[in-house]
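Architecture at a glance
Okay, here's what each chain looks like letter by letter:
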Amino acid sequence: MSEKIEEFDNRIIFAKTLIALANEDSKIVVVCNDSVGSSNLTEFRDLFPDRLIDVGIAEQNMVGVAAGLANAGFTPFVCAAAPFLTGRALEQIKADVVYTRTNVKLCGMSPGIAYGELGPTHHSIEDIAWMRALDSLPIVLPADEAQTAEAVRWAANMVGPVFMRIGRYKVPSVSQGQSPAFIPNKAMRIIDGSDVTIIATGTLVSRAVAAAAQLKVEGISARVINLSTVSPLDTIEILAAAKETKAIITAEESVTRGGVGGAVAEFVVQNHPIPMKLMGIDSFAPTGSATFLLEHFGLTADSIVASARELLKHGK
Amino acid sequence: MNTREISDLAREIRIQILHTIKGAGMGHIGGDFSVTDILATLFGSVLNVDPKNPNKSDRDRIILSKGHAAVALYSTLALRGFFPVEDLKTFAKPLSNLNGHPNRNKVPGVESNTGPLGHGFPIAVGTAIGAQLAKNGSRSFVIMGDGELQEGSNWEAAMFAGHRKLTNLIAVIDRNGFQQGSPTAKTNELDPLDKKFESFGWEVCLVDGHDYAALHKAFTDPQTKPRVVIAQTTKGKGVDFMEGKAEWHHKVPSAEQYEAALEQVGKQ
């Protein structure tokens, strides 16, 4: 391929959408932890200085303050690096936000292994498993620019807590002009197929799409599902995949134990068991860039293709 | 309410606490009694709250961070008309709305689901900032146990409230000197608590936590900074054999102890 595919940093559309929402609704506020720059919120702060509450480096206070702001009638978007938001403030998320059911939007910025060389302290591979364990907390993983914009708008307009991941490194569009690009509570089938289903999330969706193209050349028909909402799980779409294709691969930038792979497998094994392969990041990463680490952990189109071949060989 | 009426309310709260804990066979009676006069003063003569409209937007917020004193809060809310006093009998019974720790989605008047310590303070900072943004005059109160101040999250909140000069926020410390197992001074010393808060940008009010007039003044005097009311209290206040005894953190009175306690409290 000689043509350069255009790629986007989801944080840019995230901030743009928040500013648009804040212009429409005076109840939209941002709470962050010295993360104005890393969350791309400088413009928001300049436009709405009173409505950006930066608590400093204090995640427990950040989430508690957001719960209080929600109690006071506001719609706070908590914008903080995903590892610190979900790890440091887990009990505040559990008790003050999810159990109390406050209208707090938890935005995990730069999730997965986005921070690359900064190492496992700054990686957020456990967040999805942790958030999935909480009762009825919607978990949204927008895969591209269009999905990010629509998911943020949806989150602002629904009442109740949400956790969403906002990616850091640039990704290509996977929605390809599909409208809507994001449907709440629904998995997005972006390529149909009948041999194998690849269920991917976030940054892995574009790799799943590339894998499907390679498999097509080999005569394997791969269905690609962008699981942009992990909780609640779109069980209708997953059941269809289990019934209509011979195997399921899941691909995610997080631990599969309790993660996206875990979510899909829990459902499949109890309802229509078929062979599965869970691809993710199940150990602390060695030193390396995000791109290097995705390869290191086998989260590439080539590895997805190899997994598909392997599963279908065993399935025969 | 005048001081006499607040005192009457406090007596009724203590009686309900005794009934409720005796009926359930569980509860944190020591901490319930130490915080009773604080709750009676706040709900009797300070808070802008309406039991008929518990979610009105400009209400004052009161967050019981020491959620284990749920029975004291439930008794106060019931006596102030937020729900029927009769419901207190269901406390801790299967499927009751009255859990061992308060639940906002089940109990009118409860602002947040507290229980794990160190949670209420940041939430109250959030409600205070929200009131300033909304410009609705709402004030925020958070009631904490003293042992709870060992949680770091409180100091994150204290630092930030001092930085923002939140003059519509009052943190009340139920300074009974005990945590679950032993005196706070023996476990992890908190003093000098006043200097700690002063250095975080707070005005400090040291009061007798069982003196209604002093509490009322501490809760209503004009502020130029966030205020901490360090209320010196007695764990188990009102029942001589419970006062200042660590074991009454969550001990349940026997039939004889219950009668004796009821008699003492009834005279107050």
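Values in this document were obtained by computation on a predicted structure and should not be read as measured data. (Residues numbered from 1 in each chain as written. Chains lettered and ligands numbered in written order. Predicted model: local features only at pLDDT ≥ 70, side-chain atom pairs only at ≥ 80, totals over all residues.)

**A short note on the domain arrangement of chain A**
Residue and element names in this part refer to chain A. For chain A, the assigned domains read domain 1 (7-172) and domain 2 (188-315). Between the C-alpha centres of domain 1 and domain 2 the distance comes to 26 Å. Listed by partner, the interface residues are 28 residues for domain 1 and 28 residues for domain 2. Of all the elements in the fold, those that place two or more residues in the side of domain 1 that touches domain 2 are α6 (127-132), β6 (139-140) and β8 (171-172). (Domains from an automatic or database assignment. Contact = placed C-beta atoms within 7 Å. Helix = DSSP H or I, 4+ residues; strand = E, 2+ residues; numbered from the N terminus.)

**Considering the interface of chain B and chain A**
Facing 25 residues of chain B, the contacting portion of chain A comprises 24 residues. Looking at the side of chain B that touches chain A, its residues break down into eleven nonpolar, ten polar and four charged. (Nonpolar A, V, L, I, M, F, W, Y, C, P; charged D, E, K, R; others polar.)

**Structural notes on the environment of Asp-146 of chain B**
All names here are of chain B. Among the secondary structure elements, Asp-146 is positioned in the loop between β2 (140-145) and α5 (152-164). Judged by C-beta crowding, with 26 C-beta atoms within 10 Å, Asp-146 ranks as buried. C-alpha of Asp-146 to C-alpha of Gln-232: the two residues are 86 residues apart in sequence and 10.0 Å apart in space. (Buried ≥ 20, exposed ≤ 12 C-beta atoms within 10 Å, placed from the backbone.)

**Considering the confidence of the model for chain B**
Note: predicted coordinates in regions of low pLDDT should not be interpreted at a detailed level. Of all residues in chain B, 100% attain a pLDDT of 70 or more, and the chain-wide mean is 97. With pTM at 0.97, the complex prediction returns an ipTM value of 0.96. (pLDDT = per-residue confidence, 0-100.)

**Quick look at helix α5 (residues 90-99) of chain A**
A large share of α5 of chain A lies buried, amounting to seven of its ten residues. Of the residues making up α5 of chain A, those classed as buried are Gln-92, Ile-93, Lys-94, Ala-95, Asp-96, Val-97 and Val-98 of chain A. Each element contacted by the buried residues of α5 of chain A is listed here: α3 (59-71), α4 (82-88) and β5 (105-109) of chain A together with α4 (120-134) of chain B. Residue Arg-101 of chain A follows α5 of chain A closely and has a positive phi angle near 55°.

**As for the packing of helix α9 (residues 235-244) of chain A against helix α10 (residues 260-271) of chain A**
All names here are of chain A. Put simply, α9 and α10 touch, their axes get as near as 10 Å, and they point 60° apart. Considering their axes alone, α9 and α10 lie oblique with respect to each other. The two elements α9 and α10 meet at a crossing, and its hand is right-handed. Contacts between α9 and α10 involve Thr-235, Ile-238, Leu-239 and Ala-242 from the first element and Val-264, Phe-267, Val-268 and Asn-271 from the second. When its residues are assigned to classes, the contact of α9 with α10 shows six nonpolar, two polar and no charged. (Axes fitted to C-alpha atoms, helices over the stretch in contact; angles between N-to-C directions. Parallel < 35°, antiparallel > 145°, perpendicular 65-115°, else oblique. Left-handed = near helix turned anticlockwise from the far one by under 90°.)

**Quick look at α3 of chain A**
All names here are of chain A. In a regular helix each residue adds 1.5 Å, so 13 residues correspond to 18 Å; α3 covers 18 Å between its end C-alpha atoms and thus fits that length. Among the 13 residues that make up α3, 13 are buried, leaving the element largely enclosed by the rest of the structure. Positive phi shows up at Gly-73, right after α3, with a value of about 100°. (Expected span 1.5 Å × (residues − 1).)

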